[in-house]
Every structure is written in C-alpha cells, then in structure tokens.
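So the chains spell out like this:
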Amino acid sequence: MSSLAYSKILLKYSGEAVAGNQEQGIDPQILRFMSNEIKSIVNLNVSVGLVIGGGNLFRGEQLNQDGIDRVAGDHMGMLATMMNGIALRDSLERNGIKTRVMSAIPMPGVVEHFDRRIAMQLLDAGFVVIFTAGTGNPFFTTDTAACLRAIEINADVMLKATKVDGVFSEDPNINPKATFYNSLSFEEAISKNLKVMDTTALTLARDNGMKIKVFNFKKENALLDIVKGETIGTLLENG
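Residues numbered from 1 in each chain as written. Predicted model: local features only at pLDDT ≥ 70, side-chain atom pairs only at ≥ 80, totals over all residues. Heavy atoms only, no water.

## Remarks on helix 6 (residues 142-152)
Then, in step 1: Residues of helix 6 that are buried include every one of D143, T144, A145, A146, C147, R149 and A150, and no others.
Then, in step 2: In this structure, the buried residues of helix 6 make contact with strand 1 (8-13), strand 2 (47-52), strand 5 (128-132), strand 6 (157-162), helix 8 (199-207) and strand 10 (212-216).
Then, in step 3: Put simply, T141 is the residue that caps the front of helix 6, since its side-chain oxygen is 3.3 Å from the backbone nitrogen of D143.
Then, in step 4: Where helix 6 ends, the next residue or the one after it, N154, has phi of about 60°, a positive value. (Buried < 20%, exposed > 50% of the residue type's maximum accessible area, 1.4 Å probe, protein only. Helix = DSSP H or I, 4+ residues; strand = E, 2+ residues; numbered from the N terminus. Contact = heavy atoms within 4.5 Å. Polar contact = N/O pair within 3.5 Å; in protein donor to acceptor, adjacent residues only side chain to side chain.)

Below you can see the structure in the form of structure tokens.
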C-alpha cells in the first residue's frame with residue numbers, strides 16, 4: 001500500500017463506454033474487461049468507488065431536445081445509471097469482487113439508498129461501491145456526481161475514463177494534430193473550454209482540491225498503471 005500513488009479512487013465510466021462499439025445497450029465483453037481492470041487494483045487493496053453514466057440507454061438533455069420535459073428526461077437518465085450499475089455489479093461479483101450499488105434515488109429491494117457513512121464502511125471493508133442516479137437532482141451531470149462522491153468518500157483522485165488518451169485541445173478523432181496535455185490546472189481547462197467535463201464539475205473539484213486524472217480506459221492495465229504512479233493520461237489539479 002505504501003508504494004502506491006493512490007490508495008482510494010473514484011472511478012467514472014460513461015454510459016457510452018458500457019455500450020462498447022454499439023451506440024446503445026450494454027456490451028457484456030466490455031463489462032468483463034472493466035471488472036478485470038478493477039479487480040487488478042482491488043487485489044492491491046485499493047478502495048474503489050465508482051460512478052457510471054446512463055448515456056447508452058437514455059440522455060435527459062437529448063430527450064429534452066426531442067420534446068420531453070427536461071426534469072422527466074433527467075429522471076429517466078438517472079434510472080438508466082441504475083441499470084448500468086446493476087449490470088456492472090453482476091460482472092464484478094461473478095469475478096469474485098464484493099460489490100454494492102447505492103442510489104441517490106430510493107429504490108428499496110433493488111439497490112441501496114446512498115448513505116455516506118455506510119459507503120465509507122463498505123469501502124474500508126474492501127467492497128467496490130457503485131454510486132448511481134447521479135446526485136438525485138435534475139440538471140446535474142454524472143461528471144458532477146462523480147466529483148461530489150469523490151469528495152465525500154475522501155478519494156485520493158477521481159479517474160475519468162474516456163475513449164482517448166487524455167485531454168486534447170480538440171477532439172483527436174476529428175483533428176489528429178490536436179495538442180495533448182500531460183497536465184492542466186482547473187482554471188486552464190475552464191478558460192480553454194476544453195470540454196473535458198462540465199464547468200460545474202470542474203469548479204467543484206477545484207474548490208475542494210480534488211485531483212482528476214483523465215485516461216483511456218480501453219488500454220489494458222491502465223488502472224493498475226495509474227495507482228502505481230505511472231505517467232498516463234492527463235492530470236487536472238489546482239495550479
């Protein structure tokens with residue numbers, strides 16, 4: 001433990017990541033890959049909290065553009081994160097990892113209601129704790145929820161999993177010559193409007209001194225490399 005760079009993390013996966021190469025749905029192979037990556041650091045006694053999005057099933061903002069009430073759409077999106085959380089819990093448990101799913105919206109008999117004290121106790125006991133339903137409020141992204149949960153559980157770092165190698169000046173899939181940033185201050189990320197996550201999430205992390213590491217989750221052993229202190233991805237922190 002003493003040789004690790006991080007002993008407690010909050011890992012954020014997007015819903016789109018769970019879909020794999022499909023635009024929608026849940027890819028069991030991706031879930032297996034994620035659970036194997038998580039197991040590699042749980043085996044080192046790293047405490048893992050996890051937030052997962054729901055964009056592979058529903059996106060409240062997009063539904064709103066199609067005429068559905070924004071609050072109703074966001075509530076549907078929160079339920080989608082529960083579905084993803086349950087799917088990931090199943091994959092983790094089949095991989096021998098003790099896991100609990102907590103929700104900001106009460107759903108007795110399906111998932112547990114979020115309680116910070118219980119979450120901390122579970123993390124200390126070696127459970128992976130999946131936090132679903134965002135913050136429980138509309139108009140807040142799961143990135144903001146991830147920052148909030150990272151702060152609440154006293155994580156060493158929040159890890160934002162993406163499909164690219166970190167933060168770039170532009171989308172590298174569109175512009176291969178986009179500049180890659182090894183590190184950034186929160187102020188730089190906000191002022192450059194880099195779209196790494198929404199301003200509310202960045203501001204919350206900045207004001208509470210929560211470091212954020214953005215990395216490519218598709219690279220095998222990425223989580224293991226990060227907790228061991230390897231140079232990977234982009235680190236955002238206060239300047």
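## Remarks on the packing of helix 6 against helix 8
Then, in step 1: Contact geometry for helix 6 and helix 8: axes closest at 8 Å, N-to-C directions at 15°. When the axis of helix 6 is compared with that of helix 8, the two are roughly parallel. In this structure, helix 6 meets helix 8 at a crossing whose hand is left-handed. For the pair helix 6 and helix 8, the contacting residues are D143, T144, C147, L148 and I151 in the first and T200, A201, L204 and A205 in the second.
Then, in step 2: For the contact of helix 6 with helix 8, the class distribution of residues is 6 nonpolar, 2 polar and 1 charged. (Axes fitted to C-alpha atoms, helices over the stretch in contact; angles between N-to-C directions. Parallel < 35°, antiparallel > 145°, perpendicular 65-115°, else oblique. Left-handed = near helix turned anticlockwise from the far one by under 90°. Nonpolar A, V, L, I, M, F, W, Y, C, P; charged D, E, K, R; others polar.)

## Some details on the side chain of K160
Then, in step 1: Take K160: it is sitting in strand 6.
Then, in step 2: Residue classification places K160 among the buried positions, given a relative accessible area of 10%.
Then, in step 3: Setting aside its immediate chain neighbours within four residues, K160 contacts K12, D143, V196, M197, K213, V214 and F215.

## Brief notes about unusual backbone geometry
Then, in step 1: Even without glycine at this site, N45 takes up a positive phi of about 70°.
Then, in step 2: Residue position: N45 is located in the loop between helix 2 (28-42) and strand 2.
Then, in step 3: Classification of N45 by relative accessible area gives exposed; the value is 56%.
Then, in step 4: Despite not being glycine, N154 shows a phi value in the positive range, around 60°.
Then, in step 5: Locating N154 in the fold gives a position in the loop between helix 6 and strand 6.

## Structural notes on the pattern of salt bridges
Then, in step 1: A complete count under the given rule lists 10 salt bridges for this structure.
Then, in step 2: The salt bridge partner of D143 is K160, with a shortest N-O separation of 3.1 Å. Placement of the pair is D143 in helix 6 and K160 in strand 6, with a sequence separation of 17 residues.
Then, in step 3: Using a relative accessible area of 9% as the deciding quantity, one classes D143 as buried.
Then, in step 4: Put simply, R206 and E187 hold a salt bridge, and the shortest N to O gap is 2.7 Å. (Salt bridge = Lys/Arg side-chain N within 4 Å of Asp/Glu carboxyl O.)

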